[in-house]
Amino acid sequence: MSIIEQIKSDMKDAMRSKDQVALTTIRGLISAFTNELVATGKTPQDEVTDDLALTVIKRASKQRKDAIEQYTQGGRTDLVENEQAELSVIEKYLPQMMSKDQIKTIAEAKIAEFARDKSKIGQIIGAVMKETAGQADGGDVKSVVMELLG
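Anyway, here's the lowdown on the structure attached to this text.

Conventions we followed
Residues numbered from 1 in each chain as written. Predicted model: local features only at pLDDT ≥ 70, side-chain atom pairs only at ≥ 80, totals over all residues. Heavy atoms only, no water. Helix = DSSP H or I, 4+ residues; strand = E, 2+ residues; numbered from the N terminus. Buried < 20%, exposed > 50% of the residue type's maximum accessible area, 1.4 Å probe, protein only. Areas by Shrake-Rupley, 256 points an atom, 1.4 Å probe, with all protein chains shown as cover. Lys, Arg positive; Asp, Glu negative; His and termini not counted. Charge placed at Lys NZ, Arg CZ, Asp CG, Glu CD. Core = buried A, V, L, I, M, F, W, Y, C linked by side-chain atoms within 4.5 Å. Contact = heavy atoms within 4.5 Å.

1. Description of the overall build of the chain
- For the chain, the count of helices and strands is 7 helices and 0 strands.
- Beginning at the N terminus, the succession of helices and strands in the chain can be written as α-α-α-α-α-α-α.
- Reported as C-alpha extents along the three principal axes, the dimensions of the chain are approximately 55 × 40 × 25 Å.
- Counting every position in the chain, which comprises 150 residues, the buried fraction comes to 33%.
- Put simply, the chain shows about 9,300 Å² of open surface, and 50% of that area lies on carbon and sulfur atoms.
- Each charge class in the chain can be summarised by its mean position, and for the 21 positive and 24 negative side chains these summaries are 2 Å apart.

Take a look at the structure:
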């Protein structure tokens, strides 16, 4: 089952169970898929590929995390709770992320390939991100590479 099929199925379940947070979040994702199709020069009726869906879902996840951070700094716990609830719905559709140990193994191989040169840190991070194929958080990759290079 593709991601979009799963999301549409979950939307029906949210309607049946009257789960407003899930329903609102899923509707927002479907709207974001349509917006992304239009932004890439396609029509809203075109098929949403899993790659496009993952891109949109990752963006939505990052937006929620940023909002949580901002609301926490502003002392708005009521808004933090809402964003966290939406984030938990969105994260169901993200692939399982790699642990820092798995990232470290890949990073060590890339550092050996590029030589232990701090000036090439951007290239190393890019190579690790490409190797992990979206299964690792960029912040985690950066912190592991920085730690390995000292």
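Now that the structure has been shown, we can carry on.
2. As for the nonpolar core
- Membership of the largest hydrophobic core comes to 22 residues, with the highest contact counts inside it found for Ile 7, Ile 26, Leu 29, Phe 33, Val 48, Ile 57 and Tyr 93.
- For this core, the secondary structure elements donating two or more residues are helix H1 (3–17), helix H2 (20–39), helix H3 (50–74) and helix H4 (77–91).
- Among the elements that make up this core, the one with the highest residue count is H2 (7 residues).
- Apart from residues lying up to four places away in sequence, Leu 29 is in contact with Ile 7, Val 56, Ile 57, Ala 60, Ile 90 and Tyr 93.

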